[in-house]
Amino acid sequence: LHIGDHIYISCGDGEAGMLSVRSAVQLGADDSPAPTAAFGHESIFVVMQQHNYVASRKVKTLLEAEGRTAAQLAGEQRMIELQAQVEREREMNAATFERTTGRDVRYGQVIQLRHTITGAFVSVGRQAALLNREGRRVTIDEGAGEAGWFRVMPKLRIHSEGERVRLGDPIVLEHVGTSLRLRTERVVGRLPDGRREVSATLEMAALKLSLYRPFIAPPHGEEDGEESSTSPLYGGAAVRLVYEEMDGYLAAIASDLLPPKDGGSIASVAEMAFKRHTHSETSVAGGGASSAA
């Protein structure tokens, strides 16, 4: 695992699928281990180094002491100076990320997880979780600050602090501010959108981090503007699966997926038909079998 990696997170116990952001900000987990149709938009996070939030903390302290909002203090000199410090701090954090991208992540290290689509960070709030009232709510927040710090800890005793984190290892994400760990609800209900709730509790629950690649690169020698018969395959794209021995595409007949009461017959996987096409038909459809996938 490296700083800058794009990853997706799944439950280490195998009882639920991938963690995703839905319903605006709530973190949850789908029941199915298979990716959803919105996988690329909901479930991809960037591993980032621990950010510095000293200036942001000063702004928060000032607002709490004054009992006023940032907009109300916008014209005051002290607020202008603090906002300038916050901007410099933001630039330094971005520069540090660029400099540390590619470095190994080790057990015991503090990281942050930024949702790729929204740009917000996974964070633990002060509110109780929606379902597990003994835990705290886990959401994404663009201004998470120190609430978005997580320490990567080993789940298995064979790993120890200081060792490199390997993709696929069962890990524990421990919130720095509360020492609570991220876990997926296994017993108590479901979120309104049907997912399992992700909350922060004292339980040492295992998670698994996997590398996400936004596309499969063309074969060697076909990049850099050269003539290519194989375009990059991007995550989330619709594809056709070719069975070359029969010169046809893998297809599911719609009527075979309907229950008998609706006029269909639910077919087993073994009974799924291969829809056959000649090479002339595939060329009319947009390309030969070699480029269909």
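The rules behind these values
Residues numbered from 1 in each chain as written. Predicted model: local features only at pLDDT ≥ 70, side-chain atom pairs only at ≥ 80, totals over all residues. Heavy atoms only, no water. Phe/Tyr/Trp six-rings, centres within 6.5 Å; stacked < 30°, edge-to-face > 60°. Helix = DSSP H or I, 4+ residues; strand = E, 2+ residues; numbered from the N terminus. Buried < 20%, exposed > 50% of the residue type's maximum accessible area, 1.4 Å probe, protein only. 1 Å grid on protein atoms, 1.4 Å probe; cavity = no way out; pocket = protein on both sides within 12 Å on 5 of 7 lines; lining within 4 Å. Points joined across faces, edges and corners; volume = space filled by probe spheres on them. Nonpolar A, V, L, I, M, F, W, Y, C, P; charged D, E, K, R; others polar. Pairing = 2+ DSSP bridges. Contact = heavy atoms within 4.5 Å. Expected span 1.5 Å × (residues − 1). Arc of directions from axis to C-beta. pLDDT = per-residue confidence, 0-100.

(A) Region of interest: the packing of aromatic side chains. Summed over all chains, the structure comprises one aromatic pair. Ring geometry for Tyr53 against Trp149: centres 6.3 Å apart, planes inclined by 35 degrees, an arrangement best described as tilted. Highlighted residues: Tyr53 in the loop between strand S4 (45-49) and helix H2 (54-66) and Trp149 in the loop between strand S7 (136-141) and strand S8 (150-154), separated in sequence by 96 residues. Both residues of the pair, Tyr53 and Trp149, belong to the buried class.

(B) Up close: the layout of surface pockets. Each pocket or cavity is described by its volume, and for the largest pocket that value is around 1,100 Å³. Lining the largest pocket are 36 residues; nearest its centre among them are Tyr53, Gly143, Ala144, Gly145 and Glu146. Contributing elements (two or more residues each) for the lining of the largest pocket: H2, helix H3 (77-100), strand S6 (121-128) and S7. Among the residues forming the lining of the largest pocket, the class breakdown is eleven nonpolar, 14 polar and eleven charged.

(C) Quick look at the pairing of strand S9 (residues 170-175). The element S9 is largely enclosed, with a buried count of five among its six residues. Pairing geometry for S8 and S9, over five bridges, is antiparallel. Bridge assignment links Met153 to a residue of S9, and that residue is Val172.

(D) Main features of the environment of Arg106. Mapped onto the elements, Arg106 comes out in the loop between H3 and strand S5 (110-115). Contacts of Arg106, omitting those with residues within four sequence positions, involve Val152, Gly162, Glu163, Arg164 and Val165.

(E) Broad picture of H2. Over its 13 residues, H2 extends 19 Å from the first C-alpha to the last, a length consistent with the 18 Å expected when each residue adds 1.5 Å. Looking at H2, one finds that the buried residues are Ala55, Val59, Leu62 and Leu63. Down the axis, H2 shows its buried residues gathered within 95 degrees of arc, on one side only. Relative to its buried face, H2 has exposed residues pointing more than 90 degrees away, namely Glu64 and Ala65. Buried residues along H2 sit in contact with H3. Note on H2: the residue one or two positions beyond its end, Gly67, has a positive phi of about 70 degrees.

(F) Spotlight on the confidence of the model for the protein. Averaged over all residues, the pLDDT of the protein equals 78, while 73% of them reach at least 70. Note that residues 222-228 has pLDDT below 50 and, in this model, seven contacts with residues that lie over four places away or in other chains. Low confidence marks residues 266-293, where pLDDT is under 50. Its contacts with residues over four positions away, or in another chain, come to 43 contacts.

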